[in-house]
Amino acid sequence: MLSTITTPRLLLRPVQPDDGPTLYALINNWAVIRWLSVVPWPYTPDDMSWFITNIAGPRAATDDPIFALLLDGTTLIGVAECMGGADAGSSEVEVHDLGFWLGEPYWGKGYMSEAVSALITRAFERPETEVIRSGAFEGNDRSLAVHEKLGFVRTGLRPSHCRARATDIPLATLRLTRERFKPV
């Protein structure tokens, strides 16, 4: 698999250790963190170091890295991932789980739709990939709009823990098949 992806405005490449300070500045914002399930609040530089060392770093050389999103190939604006694996319900179906966040100064400009579309295109290049799953907390209208634009359908609503808010919040579960995908 390719380790970088280029779109008209973005370069997606695996997160690198040097990305830590910029990613920390972008994610250490309640407006961003309140929509993420596993990220703590308050968020510290040590949390970012742990993420890079234990999550992003080990995945950087795999087929499913966590991608840094760089505007015009230079300005780091967020991260996204689309990680694959066998579906627990079937030995023949591979699913990918999609996750993403974007720094608040870059909201509303279509960057995430562009990045996620490229990640989904890459995932569906694997012939065995049949489904992309994702989720978004109710009220996260920007994220839900990105999913809807790309063809995701809601499959349910369930309580899911939000670590930053220290409570369960309704999570819209979302599903995308190759046939429903609408690249942007």
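First things first, this report covers the structure right here in the doc. (Residues numbered from 1 in each chain as written. Predicted model: local features only at pLDDT ≥ 70, side-chain atom pairs only at ≥ 80, totals over all residues. Heavy atoms only, no water.)

Some words on the nonpolar core
Then step 1. One finds Ile27, Ile120 and Ile132 to be the most contacted residues of the largest nonpolar core, which totals 57 residues.
Then step 2. By residue number, the principal contributor to this core is helix H4 (residues 111–124), which donates 9 residues.
Then step 3. Residues contacting Ile132, with those up to four places away along its chain left out, are Cys82, His96, Leu98, Ile120, Ala123, Phe124, Phe152, Leu174, Arg175 and Leu176. (Core = buried A, V, L, I, M, F, W, Y, C linked by side-chain atoms within 4.5 Å. Buried < 20%, exposed > 50% of the residue type's maximum accessible area, 1.4 Å probe, protein only. Helix = DSSP H or I, 4+ residues; strand = E, 2+ residues; numbered from the N terminus. Contact = heavy atoms within 4.5 Å.)

Side note on the pairing of strand S2 (residues 10–14)
Then step 1. With respect to burial, S2 is a largely interior element, 4 of its 5 residues being buried.
Then step 2. Once strand S1 (residues 5–6) ends, the chain turns through 3 residues before running back antiparallel as S2.
Then step 3. Bridging between S2 and strand S3 (residues 67–71) involves 5 bridges; their strand directions are antiparallel. Paired with Leu11 across the bridge in S3 is Leu70. (Pairing = 2+ DSSP bridges.)

Things to note about the pattern of salt bridges
Then step 1. In the structure shown here, the tally under the stated rule is 6 salt bridges.
Then step 2. A salt bridge links Asp97 to Arg133; the shortest N-O distance between them is 2.8 Å. You can see Asp97 sitting in strand S5 (residues 94–102) and its partner Arg133 sitting in strand S6 (residues 129–137), a full 36 residues away along the chain.
Then step 3. Take Arg133: its relative accessible area is 35%, and that puts it in the partly exposed class. (Salt bridge = Lys/Arg side-chain N within 4 Å of Asp/Glu carboxyl O.)

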